[in-house]
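# Summary of the model geometry
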Amino acid sequence: CMPVFAYYYEAGGKDFVTLAYTTECAHAYFVDNEPLDEDIFELIQSRYIYNLELNDACKLALLRCYSEVLNLTEKQLAIEDELLAEYTRRNMHFAFYKRLNQELVLKYHLYDKVFLEYRANPHSHVMLHYSRDEDGENFIKEDMLDVYDGIFVKSFVMFFGEAVQYYISEEHDNEIQVTESSRI
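Below is a summary of the structure that appears in this document.

Here the focus is the nonpolar core. Counting residues in hydrophobic clusters, the biggest one holds 44 residues, and the most contacted among them are F94 and Y97. When residues of this core are traced back to their parent elements, those giving at least two are α1 (2-10), α2 (15-32), α3 (38-49), α4 (56-67), α5 (74-89), α6 (102-107), β4 (145-148) and β5 (151-157). Per-element tally for this core: the top contributor is α4, with eight residues. Within the second largest apolar cluster, 13 residues are counted, among which are Y118, A120, Y130 and M144.

Right, let's talk about α2 for a bit. The first and last C-alpha atoms of α2 sit 25 Å apart over 18 residues, in line with the 26 Å expected at 1.5 Å per residue. Its buried side turned inward, α2 meets α1, α3, α4, β1 (113-119), β4 and β5.

Okay, unusual backbone geometry next. The bulk of non-glycine residues show a negative phi, and the bulk of peptide bonds are trans. The backbone phi angle of N33 is positive, close to 60°, even though this residue is not glycine. Mapped onto the fold, N33 is located in the loop between α2 and α3. You can call N33 partly exposed: its relative accessible area is 45%. Despite not being glycine, N51 has its phi angle at roughly 55°, a positive value.

The rules behind each value
Residues numbered from 1 in each chain as written. Predicted model: local features only at pLDDT ≥ 70, side-chain atom pairs only at ≥ 80, totals over all residues. Heavy atoms only, no water. Core = buried A, V, L, I, M, F, W, Y, C linked by side-chain atoms within 4.5 Å. Buried < 20%, exposed > 50% of the residue type's maximum accessible area, 1.4 Å probe, protein only. Helix = DSSP H or I, 4+ residues; strand = E, 2+ residues; numbered from the N terminus. Expected span 1.5 Å × (residues − 1). Contact = heavy atoms within 4.5 Å.

Here it is, written out as structure tokens:
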């Protein structure tokens, strides 16, 4: 599929088709953890640099890609800063933020936070049950927020030596099912 798209793009294909295909690849990478082709990454980055239309799927994929690169250029660091500013301003937090440039982690006050991510159907009702007690007996129950297309996130401010025991439940057709249990 990628060779066909590359030919289409090189031949001057329509911008809305290019954006649609790019969005599909970016969404699969960001939401479903599928690999992102290097050419798609370069295309998204180029569109960002030249202020061409990009949607959340593409920009979030670009930001996540930056979290996986060891030596970013100055331009990439500036883009990373702009994107992180946009998404933290919109209260869209993800676990990969902690892997971004450490200066940005400090700048956006992410150093003392832990982001618990859970992926499910975006239409699911996801509940988090957690306890900060050492014995894990007093559980607090709250809805997890669907931050982006089935990526549910809860952030915790945590200090050295602190632990949180949790389990996650999903409600389907009036049935509650515990789907994950662990400790942070």
